[in-house]
Amino acid sequence: MLLALFEILTAPLWLATPFLIAATGGASVLPALAWWAGADLLLTAPPLVYAARRRQLPLVGVLVNIPCVYATKAVNLVYAWKALVVELVLVPLHLARGLTVYEKGRADTPRGGEAAMAV
């Protein structure tokens, strides 16, 4: 849980890194973006290569799908931040209900007297 929270909190910083380097390091955006993409690829590719070999998947098919990793990260980041703000900020302040409502039993089970009639 702590690792997931750490990733949620640091992902915006990682995504802003090329722009921060360009703004503070005196480099233009394109070399900073190339450095960032290369570093991210070096961090992403080894686990994917290992997983492809371990599961006996075609390596080219796995590596071609790397752009999908970034799209998935973006969508997950949006929903993770929404959950973080709602559950850790708004719910304790009583400004919103939680994202999940837990109910006992199954949702499709009739209640009370309806259950006896259904039998």
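Nothing here was measured: the structure is a model prediction, and the numbers come from that model.

Caption draft 1: How the structure looks around helix 1 (residues 2-25). Bending of helix 1 peaks at approximately 50° at the position of threonine 17, with proline proline 18 no more than four residues after it. All of the buried residues along helix 1 are Ile8, Ala11, Thr17, Pro18 and Ala22. In the core, the buried residues of helix 1 are packed alongside helix 2 (29-54) and helix 4 (66-90). In the segment just after helix 1, glycine 26 is the residue with positive phi, at about 80°.

Caption draft 2: Summary view of the side chain of aspartate 40. In this structure, aspartate 40 sits in helix 2. The buried charged residue aspartate 40 lacks any salt bridge, with lysine 73 as its nearest oppositely charged partner at 4.2 Å. In this structure, aspartate 40 is in contact with Trp14, Tyr70 and Lys73, ignoring residues within four places of it in sequence.

Caption draft 3: Quick peek at the confidence of the model for the chain. Across the chain, the average pLDDT comes to 84, with 84% of residues at 70 or higher. When mean pLDDT is taken per element in the chain, helix 3 (residues 59-64) scores highest with 92 and helix 5 (residues 113-118) scores lowest with 52.

Caption draft 4: Structural context of a nonpolar patch on the surface. Taken together, the side chains of Leu9, Trp81, Val85, Leu88, Val89, Leu93 and Leu95 define a hydrophobic patch exposed on the protein surface, amounting to about 660 Å² of accessible area. With four residues, the top contributor of residues to the nonpolar patch is helix 4. Relative to the elements of secondary structure, leucine 88 occurs in helix 4. Exposure remark for leucine 88: the relative accessible area of 56% places this residue in the exposed category.

The rules behind the values
All residue numbers here refer to positions counted from 1 along the written sequence of the relevant chain. Whole-chain, interface and lining totals are the exception, using all residues; otherwise, since this is a predicted model, local features are given only for residues with pLDDT of at least 70 and side-chain atom pairs are given and counted only at 80 or more. Working from all heavy atoms in the structure, the side-chain values ignore hydrogens and water. What the bend at a residue measures is the angle between two axes, fitted to the seven residues ending there and to the seven starting there. Helix and strand definitions follow DSSP, with helices as H or I runs of at least four residues and strands as E runs of at least two, each counted in order from the N terminus. Per-residue accessibility, obtained with a 1.4 Å probe over protein chains only, is compared with the maximum for each type, and a residue is labelled buried under 20%, exposed over 50%, and partly exposed between these values. For this analysis, residues touch if any pair of their heavy atoms sits within 4.5 Å. The positive count covers Lys and Arg only, the negative count covers Asp and Glu only, and His and the chain ends enter neither. Note on definitions: salt bridges are taken to be side-chain nitrogens of Lys or Arg within 4 Å of carboxyl oxygens of Asp or Glu. Scored between 0 and 100, pLDDT is the confidence that the predictor attaches to each residue. A residue counts toward a patch only above 30% relative accessible area and without a salt bridge, and it is joined to like-charged neighbours within 9 Å or, for Val, Leu, Ile, Met, Phe, Trp and Tyr, to nonpolar neighbours within 5 Å. Calculation of accessible area relied on Shrake-Rupley with a 1.4 Å probe; when residues are assessed, cover is drawn exclusively from the protein chains displayed.

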